[in-house]
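These are the residues of each chain, in order.
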Amino acid sequence: NESMDGVNRSVVYEFVLMGLTNSWGLQLFLFLFSSIFYTASMLGNFLIVLTVISEPRLHSPMYFLLANLSFIDMIDSCIVTPKMICDLFKKHKSISFGGCVSQIFFIHCIGGVEMVLLIAMAFDRYIAICKPLHYLTIMNLRICIGILISGWIIGLTHSLIQLGFVIQLPFCGPNKVDSFYCDLPRFIKLACTDTYKLQFLVTANSGFISLGAFFILIISYVIILATVRQHSSSGGSSKALSTLSAHITVVILFFGPCIFVYVWPFPTLPLDKFLAIFDSVITPFLNPTIYTFRNKEMKVAMKRLWSQLLKSQTFS
Ligand SMILES: *[C@@H]1O[C@H](CO)[C@@H](O)[C@H](O)[C@H]1NC(C)=O
């Protein structure tokens, strides 16, 4: 396998990312679009974490979960997007073998944590709306921390299992990834061995997890909506409805592309890589805007934080 220039061809040290498009106009558009969304979601999510931590009135399970979701979204924004933005105008977009594997690791780990958090938030709303008298006994800080720890354990385990399947694969030359980031389906396809079974295994794993989480979420929101409708004579139901529709929008926008990437059976039609833009660029931005900035308590807390900042400026 030793070639003339002394490079051992049996090892692939880096992958070449084909990117999304060669059209200059589209690249410019993607550049502006992704930079704006990236900056906005980093700032927005940071602001949410800061507000929830610094405002004692927001120290409740719902806001802790929201702040943790924002924290996860900040990590999520950094896995794929900055590299994609830097690569956009490069002719030769490459990523090291280690870089590729770490992208896969973080995508699956953070994705897993995010799914657990979304389910926990649906559960929180379910208890608040359907079992309001038991809310304080069921949703307490201990449960919240338990949810978080199990979320991280589930995310880590899922990601390590997925990597465990593929880490031994031999790579002997093909190294062109037809996308703007590394993920399992395309990574596996480059291995120099029959990967049919493995592809099925890995795709089924992520596919089933996303489909499963999606159905759990949709079912819980249907139950919550039904309960809200039953008690629709009481005030506050329109507020609950608007909160719920916001949550459901996020769930559909998050899981739609995610399920599509893993369950889409026609890899020759590269629709999935455009949809992947959704999950890497738009979802981290949606969570803060949809869950939080429409929330009155949150707005009040942010204003208070802002005026405190101004005050400390004038006195120092
Ligand atoms: C996440 O939630 C825990 C409590 O469940 C809280 O103590 C912690 O501050 C939250 N983390 C962030 C980044 O908001």
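Residues numbered from 1 in each chain as written. Predicted model: local features only at pLDDT ≥ 70, side-chain atom pairs only at ≥ 80, totals over all residues. Heavy atoms only, no water.

- As recorded in an unreviewed UniProt entry, the protein chain goes by the name Olfactory receptor, listed as coming from Monodelphis domestica.
- Regarding the protein chain, the relevant UniProt record gives this comment under Sequence similarities (unreviewed entry): "Belongs to the G-protein coupled receptor 1 family." (UniProt positions renumbered as here; feature names shortened; annotations may be inferred.)

1. Digging into the overall build of the protein chain
- Looking only at helices and strands, one finds 10 helices and three strands in the protein chain.
- Seen through its principal axes, the protein chain has C-alpha atoms that stretch 75 × 50 × 35 Å.
- The burial tally for the protein chain puts 45% of its 316 residues in the buried class.
- Here the contacts in the protein chain between residues at least 6 apart in sequence split such that 79% fall between residues at least 24 apart.
- Carbon together with sulfur atoms contributes 71% to the accessible area of the protein chain, which is approximately 16600 Å² in total.
- Of note, the protein chain has its 22 positive side-chain charges centred 12 Å away from the centre of its 15 negative side-chain charges. (Helix = DSSP H or I, 4+ residues; strand = E, 2+ residues; numbered from the N terminus. Buried < 20%, exposed > 50% of the residue type's maximum accessible area, 1.4 Å probe, protein only. Contact = heavy atoms within 4.5 Å. Areas by Shrake-Rupley, 256 points an atom, 1.4 Å probe, with all protein chains shown as cover. Lys, Arg positive; Asp, Glu negative; His and termini not counted. Charge placed at Lys NZ, Arg CZ, Asp CG, Glu CD.)

2. A short note on the side chain of Thr-227
- Take Thr-227: it is sitting in helix H7 (residues 196-230).
- Judged by its relative accessible area of 15%, Thr-227 is buried.
- Once residues within four sequence positions are removed from consideration, Thr-227 is found in contact with Ile-129 and Cys-130.

3. Regarding the pairing of strand S1 (residues 14-17)
- For S1 and strand S2 (residues 94-96), the ladder comprises three bridges, and the chain directions are antiparallel. Residue Glu-14 lies in a different strand from S2, and its bridge partner there is Ser-96.
- Inspection of the sheet shows S1 paired to strand S3 (residues 176-177) by two bridges, in the parallel sense. Within S3, the residue paired with Val-16 across the bridge is Lys-176. (Pairing = 2+ DSSP bridges.)

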